Amino acid sequence: MVSLPPGPRYLIQQLPKLLIPPTVVYALAYLAREHLRVSSPAWLLVLAYASSWPIAFALLVQYHCYTNARRARALGAVMPREIDHKWPGSIDVLQRIFASDKTRYMGNSIFRWAEQYGNTFNFRVMFEDRILTCEPDYIKMMLATEFNHYEKGPLLYEQLNTLLGQGVFNSDGEMWKFHRTMTRPFFSRDRITHFDIFDRHADHALNKVAARLHEGVPIDWQDVVSRFTMDSATEFLFGKDVRSLDAPLPYPSTFSAQTPFASAVGDAGSPATTEEAVHPADRFVRAFQDALEATSIRGRFLQSWPLFEFWGDRVKQYLKAVDEFIDPIVENALRRKAERVGAGEVDEKEGKENVRDDETLLEHLVKFTDDHKVIKDETLNILLAGRDTTSCTLTFAVYALAEHPEVLKRLRAEVLSVVGPIQRPTYDNVREMKYMRAFINEVLRLWPPVPVNSRCSIEPMIWKSLVPGEPDIYIPPRTRCLYAVLLMHRRKDLWGPDALNFDPDRFLDERVQKYLVPNPFIFLPFNAGPRICLGQQFAYNEISFMLTRLLQRFSGITLRQDAHPSAVPPPGVERSPYAVDGGERVWMRSHLTTYAKNGLWVEMQQANEG
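The following refers to the structure shown. (Residues numbered from 1 in each chain as written. Predicted model: local features only at pLDDT ≥ 70, side-chain atom pairs only at ≥ 80, totals over all residues. Heavy atoms only, no water.)

1. Some points on the pattern of salt bridges
Right, so step 1: Overall, the coordinates contain 40 salt bridges when judged by the stated rule.
Right, so step 2: Among the salt bridges present, the one from Arg200 reaches Glu235, with a minimum N-O distance of 2.3 Å. Remark: Glu235 occurs in helix H9 (residues 221-238) and Arg200 occurs in helix H8 (residues 192-214); sequence separation between them is 35 residues.
Right, so step 3: In this structure Glu235 comes out as buried when scored by relative accessible area, which is 14%.
Right, so step 4: Across the salt bridge formed by Asp505 and Arg410, the nearest N and O atoms sit 3.0 Å from each other. One end of the pair, Asp505, is in the loop between helix H18 (492-495) and helix H19 (511-516); the other, Arg410, is in helix H14 (residues 405-418), with 95 residues separating them in the sequence.
Right, so step 5: Three or more residues are tied together by salt bridges with common partners; here these are Glu442, Arg445, Asp498, Asp503, Arg506, Asp509 and Arg511. (Salt bridge = Lys/Arg side-chain N within 4 Å of Asp/Glu carboxyl O. Helix = DSSP H or I, 4+ residues; strand = E, 2+ residues; numbered from the N terminus. Buried < 20%, exposed > 50% of the residue type's maximum accessible area, 1.4 Å probe, protein only.)

2. Thoughts on helix H10 (residues 283-298)
Right, so step 1: The end-to-end C-alpha distance of H10 is 23 Å, a good match for the 22 Å that 16 residues give at a rise of 1.5 Å each.
Right, so step 2: The element H10 is extensively covered by neighbouring structure, given that 14 of its 16 residues are classed as buried. (Expected span 1.5 Å × (residues − 1).)

3. A closer look at the sheet that holds strand E5 (residues 219-220)
Right, so step 1: Sheet architecture is open: three strands sit in the order E5-E13-E10, paired in antiparallel fashion. At either end of the open sheet lies a strand with only one pairing partner, and these are E5 and strand E10 (554-559).
Right, so step 2: Lying over the sheet, helix H20 (residues 536-553) contacts E10 and strand E13 (601-606), oriented at roughly 100° with respect to E10. (Pairing = 2+ DSSP bridges. Contact = heavy atoms within 4.5 Å. Axes fitted to C-alpha atoms, helices over the stretch in contact; angles between N-to-C directions.)

4. Description of the environment of Trp113
Right, so step 1: Structurally, the position occupied by Trp113 is in helix H4 (residues 108-117).
Right, so step 2: Overall, the relative accessible area of 5% leaves Trp113 in the buried class.
Right, so step 3: For Trp113, the residues in contact, after removing those within four places along its chain, are Ile83, Val93, Ile97, Gly118, Phe121 and Phe123.

5. A short note on the nonpolar core
Among soluble globular proteins, nonpolar side chains are generally buried collectively.
Right, so step 1: With 159 residues, the main nonpolar core has Trp221, Phe439, Trp447, Trp463 and Met604 as its most contacted residues.
Right, so step 2: In terms of residues, this core owes the most to one element, helix H13 (residues 372-403), which gives 15 residues.
Right, so step 3: Apart from the residues lying within four places of it in its own chain, the contact partners of Trp221 are Leu206, Val209, Leu394, Thr395, Val398, Met546, Leu550, Leu600, Val602 and Met604. (Core = buried A, V, L, I, M, F, W, Y, C linked by side-chain atoms within 4.5 Å.)

6. A few points about the side chain of Arg506
Right, so step 1: Looking at the element boundaries, Arg506 is found in the loop between H18 and H19.
Right, so step 2: When its relative accessible area of 3% is taken as the criterion, Arg506 is described as buried.
Right, so step 3: There is a polar contact of 3.0 Å between the side chain of Arg506 and the side chain of Glu442.
Right, so step 4: Filtering out sequence-adjacent residues up to four positions away, Arg506 remains in contact with Glu442, Arg445, Trp495, Asp498, Ala499, Asn501, Arg511 and Val512. (Polar contact = N/O pair within 3.5 Å; in protein donor to acceptor, adjacent residues only side chain to side chain.)

7. Thoughts on the sheet that holds strand E4 (residues 150-151)
Right, so step 1: Pairing within the open sheet is mixed, and its five strands lie in the order E2-E3-E9-E6-E4. Each of the sheet's edge strands pairs with one partner strand only, and the pair in question is strand E2 (120-122) and E4.
Right, so step 2: Here four bridges tie strand E3 (residues 130-133) to strand E9 (residues 480-484), and the two strands are oriented parallel to one another. Bridging from a neighbouring strand, Arg130 pairs with Arg480 of E9.
Right, so step 3: Packed on one face of the sheet, helix H5 (residues 136-145) meets E2, E3, E4, strand E6 (452-457) and E9 and runs near 120° to E9.

8. Topic: the packing of aromatic side chains
Right, so step 1: Going through the model one piece at a time under the given rule, you end up with 32 aromatic pairs.
Right, so step 2: Within the aromatic cluster, the residues linked to one another by ring pairs are Phe186, Phe187, Phe195, Phe198, Phe236, Tyr427, Phe538 and Phe545.
Right, so step 3: Against the face of Trp495 rests Arg445, its NZ or CZ located 5.2 Å from the ring centre.
Right, so step 4: Geometry around Trp587 places Lys597 over its ring, the cationic atom sitting 4.3 Å from the centre. (Phe/Tyr/Trp six-rings, centres within 6.5 Å; stacked < 30°, edge-to-face > 60°. Lys NZ or Arg CZ within 6 Å of the ring centre and 35° of its normal.)

This is a description of form; function is not addressed.
Printed below as a string of structure tokens:
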């Protein structure tokens, strides 16, 4: 079956809505001519046909606003306060957001709106309600206590479908339950083979770091850990890694002998790198990164995104290298399963819950289904989670260590005390390093991998007022509800007056009992409820392992964003009132997950250098 490009497919879907207004005009003109003997001049008919669409649209918008307000009043509730705007569709608001996006702190607008309108408000754009909240009570309702009343929704599904298909992060209902059932047993316990994978790729990555630093040249740590997590994740998933660490590391722009190849991550937000400029070992990584960027852009245009990709799916064009790597591996796994079943070596109805210590996720998934697409979608979903979120945390962890040498010294002392200077960390070591866990939690709090997430209400909902005497909040059906983890993690009323200060001890001292224990939903780096991240312990293990190996080899870290000037944040970002510690010297951005724009450039001191 021929697949239509996004634009024509979208217009065909909208065709009934587009035909109704001019059909009504035609019917009225016909009735006037045939029954009232009134003939309209041609110019008037043309004007009526042309104006029928905006008039019908305006009436529909007003009808929805009136209906929502009436239903809210009937329930003794109100719609959340709408942000101020001057132009229809909040076009002026969108223009300001896009403009400030280039010079202001990430999320600057929603930080300001929360101060102006409170912690829950209606970010209404393009005539669509988008309720944004950073209230843990409301987030808890969406994710846990009233989970069945919310879903990812059709809009998010359509935007992410090209990249993630119907995988666990992009499905609802029975399909989500099926994916969850398939994946859960695999993450039910720790495995020694995971540390084997981490150790092999961490050693490779840190050897390349040491070699580059020996040249006297800063390294882009974000690029290094993006390669490390990609190679680890693909070996964990498929039993075969993409070997992105085989490619040379990028040089900073101020260094004359730059590599002819682009970085694995690239300057996020820049045009896609040409295939010729990408090292062969980086093709998969760069293709996956470009697909993520193209997918994230769709979110800016809401339901009308197909009009901006009218004749071609911009995400699909980047997936060739991804398909070339994954498709043969999946086909081979399915073929091996069929051969074993045919030979009577395995009963395909048994043993699904049992997972061998050396089993890859792909080998586990083929026990449940022979559907190539289902398996591929699931592995890509887990790849996104397993690679990008861990890469983000490792990037900002090293930024925090560079900015806080006293934290680095204390964390390194714990590593040397618990693990030793050269020994490989074990699961028991990771559990024993309490300061390491607190440090990682503080990084996740201030730089959450997914700063803003969303759900869609299935039916009308009431959010009980959190302020005595104020009316409840009415949430219309099929309304996009965004929850800003970034804002919630930095609220001073939830975390104390020092909420914007980097301090791992807040996860160890009396502040745990004061703030976190009474309300655990104020800390959601891995989501919560039935959709809580299955791989969160895997992520903690990988991050702890890499940081342990890093601190065994290096005793000091210095930030060198000046070596790559495009990585230096503009003054509006660095000195933002919403920045950590009163100023951030890294440019935090987000597509589907958080990253440092144009890299995190650092120098490191070898442990044996004094």
